[in-house]
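Next come the chains, spelled out residue by residue.
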Amino acid sequence: MAIKLRLTRMGTKKHPFYRIVAMDSATRRDGRPLEYLGHYNPMTNPAEVKVDAEKVKKWLDLGAEASDTVKSLIKNAGK
């Protein structure tokens, strides 16, 4: 079972809001996640990113792989 850290879309049409989640790579985009790790709101200026660094580290240590977008959000959230 390959675990991915990726975004799942929430919000309404034309007003997206994303949750950063850990889920099996075979699960559909909006499927049930294993754990919620944070959120990303691109509609605010500047974009709001909140990440639980401890949970992310736990999943990465367990062998999870982050998507490119999640990698950049984690990197920018640390600043």
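Residues numbered from 1 in each chain as written. Predicted model: local features only at pLDDT ≥ 70, side-chain atom pairs only at ≥ 80, totals over all residues. Heavy atoms only, no water.

Caption draft 1: Spatial organisation of the pairing of strand β2 (residues 15-24). Bridge analysis of strand β1 (residues 3-12) against β2 gives ten bridges, and the strand direction is antiparallel. In the sheet register, L7 faces β2, and the bridge partner there is I20. Between the end of β1 and the start of β2, which pair antiparallel, lie two residues, with K14 showing a positive phi angle near 70°. (Pairing = 2+ DSSP bridges. Helix = DSSP H or I, 4+ residues; strand = E, 2+ residues; numbered from the N terminus.)

Caption draft 2: Layout of the sheet that holds β2. Across the sheet, which stays open at both edges, the five strands sit in the order β4-β3-β2-β1-β5 with mixed pairing between neighbours. Whereas interior strands pair on both sides, the edge strands pair on one side only; in this sheet they are β4 (48-51) and β5 (65-66). Its contacts with the sheet put helix α1 (residues 53-61) on β1, β2, β3 (35-41), β4 and β5, and the angle it makes with β3 is roughly 125°. Sheet contacts for helix α2 (residues 68-77): β1, β2, β3, β4 and β5; angle to β1, the most-contacted strand, approximately 85°. (Contact = heavy atoms within 4.5 Å. Axes fitted to C-alpha atoms, helices over the stretch in contact; angles between N-to-C directions.)

Caption draft 3: Region of the structure containing the pattern of salt bridges. Enumeration over the complete set of coordinates arrives at five salt bridges. Here K55 ties to E35 by a salt bridge, and the two come within 3.8 Å at their closest N and O atoms. One end of the pair, K55, is in helix α1; the other, E35, is in strand β3, with 20 residues separating them in the sequence. When its relative accessible area of 18% is taken as the criterion, E35 is described as buried. Among the salt bridges present, the one from D61 reaches K57, with a minimum N-O distance of 3.1 Å. A residue pair is termed a helical-turn pair when its members lie 3 or 4 positions apart in one helix, as D61 and K57 do in helix α1 at four residues. Residue classification places D61 among the exposed positions, given a relative accessible area of 56%. Counted as one network, the salt bridges with shared partners bring together E35, K55 and K58. (Salt bridge = Lys/Arg side-chain N within 4 Å of Asp/Glu carboxyl O. Buried < 20%, exposed > 50% of the residue type's maximum accessible area, 1.4 Å probe, protein only.)

These results come straight from atomic positions and should not be treated as a statement about function.
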